[in-house]
Amino acid sequence: MDVHEYQAAEILARHGVPVNPGQVATSPDEAGAIARQFGGTVAIKAQVHTGGRGKAGGIKLAHSPDEAKAAAAQILGMDIRGHVVNKVLVVKGAEIAKEIYLGVVLDRPARQILVMASAEGGVEIEQVAKESPEKIIQRRADPMLGFLPYQAREIAFALGLDSKLVNGFASIALKLYETYVKEDATLVEINPLIITKSGEWLALDSKMSFDDNALFRHAQTEEMRDIAEENPTELDARHSGISFVKLDGDIGCIVNGAGLAMATMDAVKLYGGEPANFLDVGGGAKADQVAKAFTLVTADPNVRAILINIFGGITRGDEVAEGIKEAMERVKLDVPLVVRLSGTNAEEGKQILADAGISATDTMDEAAEQVVKQAHA
Amino acid sequence: MDVHEYQAAEILARHGVPVNPGQVATSPDEAGAIARQFGGTVAIKAQVHTGGRGKAGGIKLAHSPDEAKAAAAQILGMDIRGHVVNKVLVVKGAEIAKEIYLGVVLDRPARQILVMASAEGGVEIEQVAKESPEKIIQRRADPMLGFLPYQAREIAFALGLDSKLVNGFASIALKLYETYVKEDATLVEINPLIITKSGEWLALDSKMSFDDNALFRHAQTEEMRDIAEENPTELDARHSGISFVKLDGDIGCIVNGAGLAMATMDAVKLYGGEPANFLDVGGGAKADQVAKAFTLVTADPNVRAILINIFGGITRGDEVAEGIKEAMERVKLDVPLVVRLSGTNAEEGKQILADAGISATDTMDEAAEQVVKQAHA
Amino acid sequence: MSILVDSSTRLLVQGITGREGSFHTQQMVEYGTNVVAGVTPGKQGEQVAGVPVFDTVADAVAKTGANAAIIYVPARFAPDAIYESVAAGIPLVVCITEGVPVVDMVPVYAYVKEKGARLIGPNCPGLITPGQAKVGIMPGFIHQPGKVGLVSRSGTLTYEVVDALTKAGLGQSTAVGIGGDPIIGSSFVDILKLFQDDPETEAIVMLGEIGGSDEEEAATFIKKHVTKPMAGFIAGQTAPPGKRMGHAGAIISGGSGTAADKIKALESAGVGVARSPSQVPVLLKEAMQA
Amino acid sequence: MSILVDSSTRLLVQGITGREGSFHTQQMVEYGTNVVAGVTPGKQGEQVAGVPVFDTVADAVAKTGANAAIIYVPARFAPDAIYESVAAGIPLVVCITEGVPVVDMVPVYAYVKEKGARLIGPNCPGLITPGQAKVGIMPGFIHQPGKVGLVSRSGTLTYEVVDALTKAGLGQSTAVGIGGDPIIGSSFVDILKLFQDDPETEAIVMLGEIGGSDEEEAATFIKKHVTKPMAGFIAGQTAPPGKRMGHAGAIISGGSGTAADKIKALESAGVGVARSPSQVPVLLKEAMQA
């Protein structure tokens, strides 16, 4: 789960990281009022769950309340990479002496948490990683002891920070690590972390993502969820225990198991089609789940045919067939359906489907080939 | 550092352990008023930093406010093992179905923290340990991961608790461990931890000691310090960076280093005397420290002679001698003084002392023998 | 022979009285797995599918000599369950549970490693040595004893490929589902090592998916150490970046973890990568005849 | 020969620019110890007693090849200093600092052990191999090269006994102060093992005190494994129960940790226990002639 910049700043502040004062506005007037209250220069920043706001014109400086109002008017409602801007963050301008990148991520190959920093703050870290990886300083937290003060200092010295700034940096790095662990994040990033001209550390922009599997213990984070930022179909699917990801193609896919669902999408592509979605119905594939899956898939007007691919394991093929039959009675489909049923009691299942006038194939390849043909028929 | 039972209960409650409601009274009237407020039976418990309150009559049940007032009147002002009772804790009576002992201590040989419990609650754990050690169930917390839920359940099952009570017990044991670690305790103990007749867990009496070395990060604990419970000389010593422990003998000891200080006490005893104190002046043994040590030692009217035993290491003997000389000018001693000076520049030091009319010996044994003689002269 | 589990496996089931635990215990017993004990705190004395239930793993191990554990407890209790089994001295722990927070898995992984135990999963279907022991939730009947070792990050995709192998006359020595989470106890490399060293495994199938770099590390390992014929498949060629595909670990992030990279890595290690799961037995046979 | 430190020791001083650190660095250098580096964050480029100062231990080790560290930093920073040196691969870390919280020492102890490093202290005077290396705060001049290994929980009491040994003509191979805290990195047993195995150590002196059971464990070890002549002393025969005698670890609690018990244990292991420190050389000579 992602949160907005202003929410990330809130969480950082709660963990003792100094953040730039800011307030959220949903209208130009509000933005103007906040700018008046802060005085001086402010930045108006689009709050959307995507990167590249700067390039898209989603961040503007304003030197007066009127300018702030005008900037907010431009940004609010803007579409940035498919995300509509409903909120802007108005922050006080800061006098930047130095910009640093500081982030905490999971180092998957090492199975450890990694703290990384770069003196090239303010630019995308992926770009720095590609162009000059030696400029990224990183230390892995001990899996048991966590990230230790000496490691934070090692990063500070490797960044070439003035010795007077080392303890301040180390303290922020330790707090950022603590934020990652205590909040069950999958990413926390301050970019840029700045030193102001008066020598203070300040988190100017930050980004956070959280482990969906750990939200059960973070009610406060869950409350930060911005429904407007989520695909309504994906949200709906999650509530039914279905994994769903919207894609750009025209062939709806309903599969049991995440790996098989991906493989099914790949097979559709292999036979010349484009998948409209990733969908894992989970274990059972009972009528309720299948019916729900039909609803989710057909919510997309692009869908021109549907492929159901079920490998009956513990779930028996005959049960699955009954589920599909019943679901089709409940949800009227106006696009062709191809079913592939294999595994436990597949023959019995196919008979049930045949009796109900639904044809089923034996193999994934056959099914993928057929569904692509039918979609483009 | 020790705290009172009512303070320990406060700390436990802060960590989520269910404690018996109680309030502190410093007068019989106050105790009566609290008893009236609670209604029903209450217990009146002396708040002193020592065990054996029960046997000494420091804990009484009262069935009415008047009884409570009378009981408090009896207990307040009582002397329990040298501790005068200034406060009583008035707690609601609880209907006990079962009593458990639960404690967390340091297992020194293992260098790990140990959680221990016994179904023989309410009696002294040392006694259980001696008479039927098999009745004490213990699990060591992992030094990195801490005390884990499965370990808490293992203890619960080994205690023979009903399965319905296991999770409640485990939760309290985990919280008690957390209290130990987060509060830098050296001992936390609930005795008894009870199950009430209505099936609730309740910490009826608890005890805590804290690591003096960690008080710097526990201002809240430090504020709980009861000056009335501390030996004023020991307190005074601590403020000057001197380790001082009052003993019952008549020979004052001033030594540099804890091990040597103990050995000096032992030598006094070996030559027929009784040490009046343990005193480690620490590293320097400058005039200020020695003068302070004189003041501390002579505050005890039993002291009939003083032995200074200094092994000059990094500190030079001549410096030490100057310190002693100067201290003697500041603090007039009316008991005999024997000095033993050895190590770095001992000869120079002894000369300085001789010039000042203070005799000094070469060895600890000689010095101990002399000081005992002079004390009993 | 086989790897990790066989007829000498004495299995303990954690969470045996739960819905999943009891169902799959029944299934495993029916398959012929030697399930010797179950654990659910507070249920000691009960039985599930004829298997005695204990309050603690330590007690169950003492009384039954269990030497492998499988975990069906809910995600928030799974780390504690892993610690309990490993601390009780069980050398092989299989965690089926999906949804364990990653931050919890960091110390779990380190602990298991430090104690010299082996963890499979979490978020995995388990493993099976056909005809000997099924320690997981896979449908047993599609498997056939044989010489092909299979290792996969997925569940049903594994069944799909196993089924295809069996139908192609390629039985399996052991099939291992290592799990779809970002931190799992055993990687491709860990299992490939075992297959390479297992004299009865003659060929190896590896099924990867997008996310992380386990497949790339496997490729490096294969290049250096694997001499047995191999074939593979990578799911998620059509998956978009930045989106989690069902599995917590199946996400392309910051441009890395794509199927294309993984396919390239495997192919450069000499592993034939199938374009569709049905192709896997074909490629494997080719590799075996080469 | 000797144990732990000798003329090949390349010492790094953590907290070298502090009051204690700089004073004792000067003293150690004067004694002839090969002090190769100091560390104080932010002071890189400075020098103390001719020793170059670095910002981090890792950097200091890389540039100077330090193979031992001594710590003079304040108590609240000492655990981090220990982690830093051990993580940088230094095999011997001596922590002089007094007042480290016990709860911090629990994971420190486990970490040091897991990494295969050795910690002496905290709250100790350090150790010395006379004529070769002084890694600590003891007065060097009272020591004399020789064949007696000494291990002690105390500071000045150690000097007292070393002085008596030297005056009695008994030089020392190495004298180790293991520290007076409840949790210390090396126990009596750890050091006794080294002395027993050191061909140049011919006799051993052990100085204990009240609190804990390290002396009792040492007695058990001595009975089984120590063949060299020994003498000992236990301080605190007159200490009352429940009172901390200066050292955080010197406390008789719950009736255990008394001097009487420790003396009894050592005597039953055949170690002569002196009634006063001055008697130690006498008893040792007797043991050596027996």
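Residues numbered from 1 in each chain as written. Chains lettered and ligands numbered in written order. Predicted model: local features only at pLDDT ≥ 70, side-chain atom pairs only at ≥ 80, totals over all residues. Heavy atoms only, no water.

Chemist: What is the right way to look at the overall build of chain A in this model?
Modeler: On a plain count of helices and strands, chain A comes out with 13 helices and 18 strands. For chain A, the spread of C-alpha atoms along the three principal axes comes to 80 × 50 × 40 Å. Counting the 377 residues in chain A, one finds 57% classified as buried. Pairs at least 24 residues apart make up 66% of the contacts formed inside chain A by residues separated by at least 6 positions. Of the accessible surface of chain A, which amounts to about 15,200 Å², a share of 48% is contributed by carbon and sulfur atoms. Of the charged side chains in chain A, 38 are positive and 54 negative; the average position of the first set lies 5 Å away from that of the second. (Helix = DSSP H or I, 4+ residues; strand = E, 2+ residues; numbered from the N terminus. Buried < 20%, exposed > 50% of the residue type's maximum accessible area, 1.4 Å probe, protein only. Contact = heavy atoms within 4.5 Å. Areas by Shrake-Rupley, 256 points an atom, 1.4 Å probe, with all protein chains shown as cover. Lys, Arg positive; Asp, Glu negative; His and termini not counted. Charge placed at Lys NZ, Arg CZ, Asp CG, Glu CD.)

Chemist: Please clarify how the packing of aromatic side chains should be interpreted in this entry.
Modeler: For any pair of aromatic rings, geometry is given as the distance between the ring centres together with the angle between the planes. All names here are of chain B. Applying the stated criterion across every chain, the model contains eight aromatic pairs over all chains. For the pair F147 and Y177, a centre-to-centre distance of 5.9 Å together with 40° between the ring planes defines the contact as tilted. Pair noted here: F147 is in the loop between β9 (136–140) and α5 (149–158) and Y177 is in helix α6 (residues 163–182), with a separation of 30 residues, a long-range link. In this structure F147 comes out as buried when scored by relative accessible area, which is 6%. (Phe/Tyr/Trp six-rings, centres within 6.5 Å; stacked < 30°, edge-to-face > 60°.)

Chemist: Would you mind going over the interface of chain D and chain B with me for this structure?
Modeler: Size of an interface, as often reported, equals the accessible area lost when the parts are brought together. Chain D puts 64 residues into the contact, and the matching count from chain B is 45 residues. When chain D packs against chain B, the two sides together hide about 4,000 Å² of surface, and 64% of this comes from carbon and sulfur. Connecting chain D to chain B are four salt bridges. Among the salt bridges present, the one from D214 of chain D reaches R111 of chain B, with a minimum N-O distance of 3.4 Å. Inspection of the chain D/chain B interface yields 12 residue pairs in polar contact (both at pLDDT 80 or more). Those elements that provide at least two residues to the side of chain D that touches chain B are α1 (19–31), α4 (102–114), α5 (156–167), α7 (214–225) and β13 (230–235) of chain D. Among the elements that line the side of chain D that touches chain B, the one with the most residues is α4 of chain D, at nine residues. For the side of chain D that touches chain B, a count of residues per class yields 31 nonpolar, 18 polar and 15 charged. (Buried area = accessible area lost by both parts, 1.4 Å probe. Salt bridge = Lys/Arg side-chain N within 4 Å of Asp/Glu carboxyl O. Polar contact = N/O pair within 3.5 Å; in protein donor to acceptor, adjacent residues only side chain to side chain. Nonpolar A, V, L, I, M, F, W, Y, C, P; charged D, E, K, R; others polar.)

Chemist: It is not clear to me how the sheet that holds strand β5 (residues 68–71) of chain D should be interpreted in this structure. Could you clarify?
Modeler: Pairing between sheet strands relies on hydrogen bonds along the backbone, with the strands arranged either parallel or antiparallel. All names here are of chain D. Taken in spatial order, the seven strands line up as β3-β4-β2-β1-β5-β6-β7 in an open sheet, and their pairing is mixed. At either margin of the open sheet sits one strand with a lone partner, and together these are β3 (47–48) and β7 (118–120). In this sheet, strand β4 (residues 51–54) lies alongside β3 in antiparallel orientation, the contact comprising two bridges. Paired with Q47 across the strands is P52, a residue of β4. Contacting β1 (11–14), β2 (35–39), β3, β4 and β5, α1 crosses the sheet at an angle of about 165° to β1. In the packing of helix α3 (residues 78–87) onto the sheet, the strands contacted are β1, β5, β6 (92–95) and β7, and the crossing angle to β6 comes to about 165°. (Pairing = 2+ DSSP bridges. Axes fitted to C-alpha atoms, helices over the stretch in contact; angles between N-to-C directions.)

Chemist: In this structure, what is going on with the side chain of D280 of chain B? I would like to understand it.
Modeler: Tracing the backbone shows D280 of chain B in strand β15 (residues 277–280). R244 of chain D provides the closest opposite charge to the buried, salt-bridge-free D280 of chain B, at an N-O distance of 13 Å. Engagement of the side chain of D280 of chain B in a polar contact is seen with the backbone nitrogen of A258 of chain B, the distance being 3.3 Å. Residues in contact with D280 of chain B, not counting those within four places in the same chain, are I242, S243, V255, N256, G257 and A258 of chain B.

Chemist: Any chance you could explain unusual backbone geometry here in plain terms?
Modeler: Note on backbone geometry: most residues besides glycine have negative phi, and most peptide bonds are trans. Cis geometry is found at the peptide bond from N191 of chain A to P192 of chain A, where omega equals 5°. Looking at the element boundaries, P192 of chain A is found in strand β10 (residues 185–196). P122 of chain C follows G121 of chain C through a cis peptide bond whose omega is 5°. As for its placement among the helices and strands, P122 of chain C is situated in the loop between β7 (118–120) and β8 (126–129).

Chemist: What should I look at first to understand the environment of P182 of chain C in this one?
Modeler: Along the chain, the position of P182 of chain C falls in the loop between β11 (172–177) and α6 (188–197). Taking the C-alpha atoms as reference points, P182 of chain C and D214 of chain C, 32 residues apart in sequence, are found 9.9 Å from one another. For P182 of chain C, the contacting residues outside a window of four places in its chain are L106 and R108 of chain A together with V102, A248 and G249 of chain C.

Chemist: Help me understand the environment of W201 of chain B, please; the structure alone is not making it clear to me.
Modeler: All names here are of chain B. Relative to the helices and strands, W201 resides in strand β11 (residues 201–203). Through-space distance from the C-alpha of W201 to that of P18 is 6.9 Å; in sequence the pair is 183 residues apart. The residues contacting W201, other than those within four sequence positions of it, are P18, I100, L161, L165, G168, F169, I172, L193, I194 and I195. Among the polar contacts made by the side chain of W201, one reaches the main-chain carbonyl oxygen of L165 at a distance of 3.4 Å.

Chemist: How do you make sense of the state of the cysteines when you look at a structure like this?
Modeler: Linking two cysteines covalently via their sulfur atoms produces the bond known as a disulfide. Scanning the entire structure with this criterion turns up zero disulfides over all chains. Note on C124 of chain D: no disulfide assigned, nearest cysteine sulfur contributed by C95 of chain D at a separation of 7.1 Å. (Disulfide = S-S within 2.5 Å.)

Chemist: How should the nonpolar core be read in this particular structure?
Modeler: As a rule of thumb, soluble globular proteins bury nonpolar side chains together. Counting residues in hydrophobic clusters, the biggest one holds 160 residues, and the most contacted among them are F169 of chain A, F169 of chain B, L12 of chain C together with L12 of chain D. Setting aside anything within four residues of it in sequence, one finds L12 of chain C in contact with A37, V39, V57, A60, V61, A66, A68, A69, I70 and I90 of chain C. (Core = buried A, V, L, I, M, F, W, Y, C linked by side-chain atoms within 4.5 Å.)

Chemist: What is the right way to look at the confidence of the model for chain C in this model?
Modeler: Reading predicted coordinates in detail is not appropriate for stretches of low pLDDT. In this model, chain C carries a mean pLDDT of 96, and residues with pLDDT of at least 70 account for 100%. Taken together, the chains of this predicted complex give a pTM of 0.95 and an interface ipTM of 0.94. (pLDDT = per-residue confidence, 0-100.)

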